[in-house]
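# Fold and geometry: a report
Next come the chains, spelled out residue by residue.
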Amino acid sequence: MEENLISFGSPEEQLATVNQAIYNILVGGQSYQIGSRRLTRADLALLQDMQSKLQAQIAAGKNQAAYLRIR
């Protein structure tokens, strides 16, 4: 079954965005509150899963590109 994903740039750009989101959680916490306003960031486990999939996708693309250059 095909996943319904919204693409927002190249895999490398997506990975950079995911890495920044992970960094924001690690540095600033999963959620915080200022007065009556509360911010909850994306789920860390979900972001880490996305990071892993994007890294694999990028590696597979590089491997395929290297194979095409050799032929």
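Residues numbered from 1 in each chain as written. Predicted model: local features only at pLDDT ≥ 70, side-chain atom pairs only at ≥ 80, totals over all residues. Heavy atoms only, no water.

## Here's the deal with helix H1 (residues 11-28)
Our working rule: The secondary structure listing takes helices from DSSP runs of H or I that are at least 4 residues long and strands from runs of E that are at least 2 residues long, numbered from the N terminus. One less than the number of residues in a helix, times 1.5 Å, gives the span that helix is expected to have. Note on classification: 1.4 Å probe, protein chains only; a residue is buried when its accessible area is under 20% of the maximum for its type, exposed when over 50%, partly exposed between these limits. To be clear, the arc concerns the directions from the helix axis to the C-beta atoms.
Here H1 spans 25 Å end to end across 18 residues, near enough to the 26 Å set by a 1.5 Å rise per residue. Where H1 is concerned, the buried positions are Gln-14, Leu-15, Val-18, Ile-22 and Ile-25. Buried residues in H1, looked at end-on, bunch into an arc of 100°, giving them a common side. At the C-terminal side of H1, Gly-29 shows a positive phi close to 95°.

## Description of the pattern of salt bridges
Applied cut-off: Note on definitions: salt bridges are taken to be side-chain nitrogens of Lys or Arg within 4 Å of carboxyl oxygens of Asp or Glu.
Applying the stated criterion to the full structure yields 1 salt bridge. For Lys-53, the salt bridge is made with Asp-49, and the minimal N-O distance between the two is 3.3 Å. With Lys-53 and Asp-49 both in helix H2 (residues 44-70) and 4 residues apart, this pair spans about one turn of that helix. On the basis of relative accessible area, Lys-53 is assigned to the partly exposed category, the value being 45%.

## A word on the pairing of strand E1 (residues 31-34)
To be explicit about the condition: At least two DSSP bridges between two strands are required for those strands to pair.
Where E1 lies against strand E2 (residues 37-40), 4 bridges are found, and the strand directions are antiparallel. Paired with Gln-33 across the bridge in E2 is Arg-38.

## Let's talk about the environment of Ser-10
Within the secondary structure, Ser-10 sits in the segment before H1. Distance from Ser-10 to Ile-58, taken between C-alpha atoms, is 9.4 Å for residues 48 residues apart in sequence.

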